[in-house]
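# Architecture at a glance
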Amino acid sequence: MAVAQVPRNFKLLAELEKGEKGMGAGACSYGLEDPDDIYMTHWRGTIWGPPHGNHENRIYELKMECGPNYPKEPPTIHFVSQINLPGVNPTDGLVDQNAVGVLRDWIKIATELAKNPRPKEDPLSLETALIAIRKYMEEHKKLPQPPEGSKFAMYK
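Every value quoted in this text rests on a predicted model; they were computed, and no experiment measured them.

### Here we look at unusual backbone geometry
Omega for the bond connecting Tyr-70 with Pro-71 falls within 30 degrees of zero, at 10 degrees, which places this linkage in the cis form. The residue Pro-71 is located in the loop between β3 (59–65) and β4 (76–79) in this model. Not every positive phi belongs to a glycine, and Met-40 is a case in point at roughly 50 degrees. Position of Met-40 among the secondary structure elements: in the loop between β1 (28–32) and β2 (42–48). For His-52, which is not a glycine, the phi torsion comes out positive at approximately 65 degrees. Here His-52 lies in the loop between β2 and β3.

And the structure:
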């Protein structure tokens, strides 16, 4: 039995509403980069650094791009704030999708969701990606970090 798929823009509208109303996780926030972006492609996100390590009390800014195949394909995510983290390109801040579990498994999860009814909580969203990246940061909390407030050169 085929399950109806939620159109991309409906899903992104729901994510936008959740992000703007602050209904998500307190450690992350997100919203459209340009409120006039009718295709809802370019997003900005913020991650509050996990405690008890070199990320504590830091706020990290990220850019996220939801391509035309989102949510079947994961968003492309770049750190704007400089960070020393395995799986993050030291030149442009691109997050390697293979480094973060939910990004690595995104297409497999999306394929399963297409076959089965959606769970109560959507496992594939911008918020889920940000939370997974924060958890990944926590795993590497002892790595030395660039000075607070530093940005990758392409975002200065």
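From this point on, the discussion continues.
### A look at the sheet that holds β1
The 4 strands lie next to each other as β1-β2-β3-β4, forming an open sheet whose pairing is antiparallel. Of all strands in the sheet, those with a lone pairing partner are β1 and β4, marking the two edges. Taking each pair of neighbouring strands and ignoring which way they run, the sheet shows an average axis angle of 25 degrees. Two strands pair when backbone bridges link them, and β3 and β4 are joined in this way by 4 bridges, in the antiparallel orientation. Within β4, the position partnered with Met-64 by the bridge is Ile-77. Contacts between helix α1 (residues 8–20) and the sheet are confined to β1 and β2, with β1 contributing the most and set at about 125 degrees to the helix.

### Describing helix α4 (residues 126–139)
The end-to-end C-alpha distance of α4, which contains 14 residues, comes to 20 Å, matching closely the 20 Å that a straight helix rising 1.5 Å per residue would cover. Taken together, the buried positions of α4 are Leu-126, Glu-127, Ala-129, Leu-130, Ala-132, Ile-133, Arg-134, Tyr-136 and Met-137.

What counts as what
Residues numbered from 1 in each chain as written. Predicted model: local features only at pLDDT ≥ 70, side-chain atom pairs only at ≥ 80, totals over all residues. Heavy atoms only, no water. Helix = DSSP H or I, 4+ residues; strand = E, 2+ residues; numbered from the N terminus. Pairing = 2+ DSSP bridges. Axes fitted to C-alpha atoms, helices over the stretch in contact; angles between N-to-C directions. Contact = heavy atoms within 4.5 Å. Expected span 1.5 Å × (residues − 1). Buried < 20%, exposed > 50% of the residue type's maximum accessible area, 1.4 Å probe, protein only.

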